[in-house]
Amino acid sequence: MEIILYVSAAVAAIAFLVLVIFLTKVLTSLQTTLDSVARTLTGLESQMQGITLETTQLLHKTNTLAEDLQHKSENLNSVVDAVKDVGTSISSFNSSVQKVSNKVQAEIDNNQERISQIVQWSNVALEIRDKWKARSKQAAPTPAERAELERIALETDDLPKKRFLRSRS
């Protein structure tokens, strides 16, 4: 029975030895894996520092760009306000022109009779001037010209002189 005890102790020792050997292999493999992970983390850390630096620079550029856009937006707002003021001025000018146009039209309507009389007298004066020039070019007028001059003289006598004189007062 003692032998069984020795054999069972030997089997337990061999089993323990096998366990230690496999455990050593597992731990060695685990050590290799952890070393690989440590190297990867070191590389990742250096890459993260580069990314952090680039992100910081990008943030600064973005802030600068945002400030520039803000400044340009403010400048554009002043331009928009100026254009709005120009539009208001043009609208006011159009309103003023419309008022003046309405006043001129009203005055023309009020003085239409006077204007027509002035046009008639102007036409008569132009005809007389043309006849005078024609007469001065020719020494003596022909009988047809005399008849025309007499007709014009009669027409001018028929114009409503009293009405013209009343409208001037």
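Here the structure is a predicted model, which means the values were calculated and not measured.

A.B. asks: Give a detailed account of the overall build of the protein, specifying residues and quantitative values.
C.D. replies: Along the backbone of the protein there are four helices and zero strands. In the protein, which comprises 169 residues, the share counted as buried stands at 4%. When the accessible area of the protein is evaluated, it comes to approximately 14,800 Å², of which 65% is carbon and sulfur surface.

A.B. asks: An account of the pattern of salt bridges is requested, with residue identities and associated values reported.
C.D. replies: Within the structure shown, the criterion is met by two salt bridges. The salt bridge partner of Lys72 is Asp68, with a shortest N-O separation of 3.3 Å. With Lys72 and Asp68 both in helix H1 (residues 2–110) and four residues apart, this pair spans about one turn of that helix. Overall, the relative accessible area of 49% leaves Lys72 in the partly exposed class. Residue Arg129 is joined to Asp130 by a salt bridge in which the shortest nitrogen-to-oxygen separation is 3.3 Å.

A.B. asks: A description of a nonpolar patch on the surface should follow, citing residues and the corresponding values.
C.D. replies: Residues Val37, Leu41, Leu44, Met48 and Ile51 make up a contiguous nonpolar surface patch of roughly 440 Å² in combined accessible area. Examined against the element boundaries, Leu41 turns out to sit in helix H1.

A.B. asks: Describe the UniProt feature "transmembrane region" (unreviewed entry) in the protein, naming the residues involved and giving the relevant values.
C.D. replies: The feature "transmembrane region" (unreviewed entry), as given by UniProt, occupies residues 6–24 in the numbering adopted here. Here residues 6–24 is 100% helix and 0% strand, with 26 Å between the C-alpha atoms at its ends.

A.B. asks: Could you give an account of the confidence of the model for the protein, naming the residues involved and the relevant values?
C.D. replies: Scored by pLDDT, the protein has a mean of 84; 88% of the residues are at 70 or more. Per-element mean pLDDT across the protein ranges from 49 in helix H4 (residues 161–168) up to 91 in H1. Note that residues 162–166 has pLDDT below 50 and, in this model, four contacts with residues that lie over four places away or in other chains.

Here is what the cut-offs are and how they apply
- Residues numbered from 1 in each chain as written.
- Predicted model: local features only at pLDDT ≥ 70, side-chain atom pairs only at ≥ 80, totals over all residues.
- Heavy atoms only, no water.
- Helix = DSSP H or I, 4+ residues; strand = E, 2+ residues; numbered from the N terminus.
- Buried < 20%, exposed > 50% of the residue type's maximum accessible area, 1.4 Å probe, protein only.
- Areas by Shrake-Rupley, 256 points an atom, 1.4 Å probe, with all protein chains shown as cover.
- Salt bridge = Lys/Arg side-chain N within 4 Å of Asp/Glu carboxyl O.
- Patch = residues over 30% accessible without salt bridge, like charges linked within 9 Å, V, L, I, M, F, W, Y side chains within 5 Å.
- UniProt positions renumbered as here; feature names shortened; annotations may be inferred.
- pLDDT = per-residue confidence, 0-100.
- Contact = heavy atoms within 4.5 Å.

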